[in-house]
Amino acid sequence: MDAIVQLQRQFVDYTTSLYRDGFLDDQFTQLQKLQDESNPDFVVEVVNLFFEDSEKLLNNLATALQQQIVDYKQVDAHVHQFKGSSSSIGAQRVKNACVAFRNYCEERDPEGCVRCLQQLKREHYLMKSKLETLFRLEQQILAAGGSVPMMT
Amino acid sequence: MDAAASSQKAMVDHGDQPHVLAVDDNLIDRKLVEKLLKNSSCKVTTAENGLRALEYLGLGDDQKNTSNDSGLKVNLIITDYCMPGMTGYELLKKIKESSIMKEVPVVIMSSENIPTRINKCLEEGAQMFMLKPIKQSDVKELRCRLMKYSS
């Protein structure tokens, strides 16, 4: 019983820190509310889809920025997609990185865009690693026979 | 029966399980809107762009635009505004121009809160405009408003 309580406490602390440090926003909470018995893995599924999709976007962005003549409309279109998905799952810092990126696209600033891409990659991998940690904690709680605390 | 009332009827006729066509080019948003609608007891079909949506509705260029019976009758269309190729606004116009689908309520979603964009869509006949990211409360409101005139 103690082990479960420990794990649950860890989970709550970790989740709280993710919100406090701006990694997650309310939209993530909304996602969690959608999960139910008919769809117990909904959040993990959506998050996995997001990371698969964003890997592709990151590759497309790298390619687009490497062109002799950069097509900023195309770059902006990719970033717009990325912004949309990150916003929909509550990945706040990733979303903010996209917002900054779009400004540099508008300015048609190649160096600014490259810097933004690097920043976006960093935020993306950071988010990925943090959510993996969160899901691992959930799994540990469930494996120990406990239930995952609801964060309201 | 005026267009608004018959639009309400279009929602109500399918009782508790309206069939919604959700159009969005973003994979994550499609999955999200589908879940939100299913959680509100809707049957959902998704389309990834305007052309596919029109085809599903039987309004494709090479289809006979004779009836709204694409498998299951569609009671509501919800579409993203910013899509490559055909925008949600262009899709809305095509739907409102068609004799068979113009009574079906259309809801537009967008991540950008641009009043001129919103007004343009409402003027073209969109029933509602929703700001992304969409939450459960938005879908509840949608259900409420579109069922408002039911007895």
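Residues numbered from 1 in each chain as written. Chains lettered and ligands numbered in written order. Predicted model: local features only at pLDDT ≥ 70, side-chain atom pairs only at ≥ 80, totals over all residues. Heavy atoms only, no water.

## What to know about the pattern of salt bridges
Here comes step 1: Applying the stated criterion to the full structure yields 15 salt bridges over all chains.
Here comes step 2: Residue Arg102(A) is joined to Glu112(B) by a salt bridge in which the shortest nitrogen-to-oxygen separation is 3.6 Å. Here Glu112(B) lies in the loop between β4 (106–110) and α5 (115–123) and Arg102(A) lies in helix α5 (residues 92–107), a pairing that spans two chains.
Here comes step 3: Between Asp24(B) and Lys132(B) there is a salt bridge whose closest N-O contact spans 2.8 Å. (Salt bridge = Lys/Arg side-chain N within 4 Å of Asp/Glu carboxyl O. Helix = DSSP H or I, 4+ residues; strand = E, 2+ residues; numbered from the N terminus.)

## Description of the confidence of the model for chain B
Here comes step 1: Predicted confidence across chain B gives a mean pLDDT of 86, with 81% of residues reaching 70 or more.
Here comes step 2: Across the whole predicted complex the pTM is 0.89, and at the interface the ipTM reaches 0.91. (pLDDT = per-residue confidence, 0-100.)

## Notes on the sheet that holds strand β3 (residues 76–80) of chain B
Residue and element names in this part refer to chain B.
Here comes step 1: Pairing within the open sheet is parallel, and its five strands lie in the order β2-β1-β3-β4-β5. Lying at the two open borders of the sheet, with one neighbouring strand each, are β2 (43–47) and β5 (128–131). On average, each strand axis in the sheet is inclined to that of its neighbour by 20 degrees, with strand direction left out of account.
Here comes step 2: As judged from the four bridges shared by strand β1 (residues 19–23) and β3, these two strands associate in the parallel manner. What sits directly across from leucine 21, in β3, is isoleucine 77.
Here comes step 3: With respect to the sheet, helix α2 (residues 27–39) is in contact with β1, β2, β3 and β4, its orientation differing from that of β2 by roughly 165 degrees.
Here comes step 4: The sheet strands contacting helix α4 (residues 88–97) are β1, β3 and β4, and the helix crosses β4 at an angle near 175 degrees. (Pairing = 2+ DSSP bridges. Axes fitted to C-alpha atoms, helices over the stretch in contact; angles between N-to-C directions. Contact = heavy atoms within 4.5 Å.)

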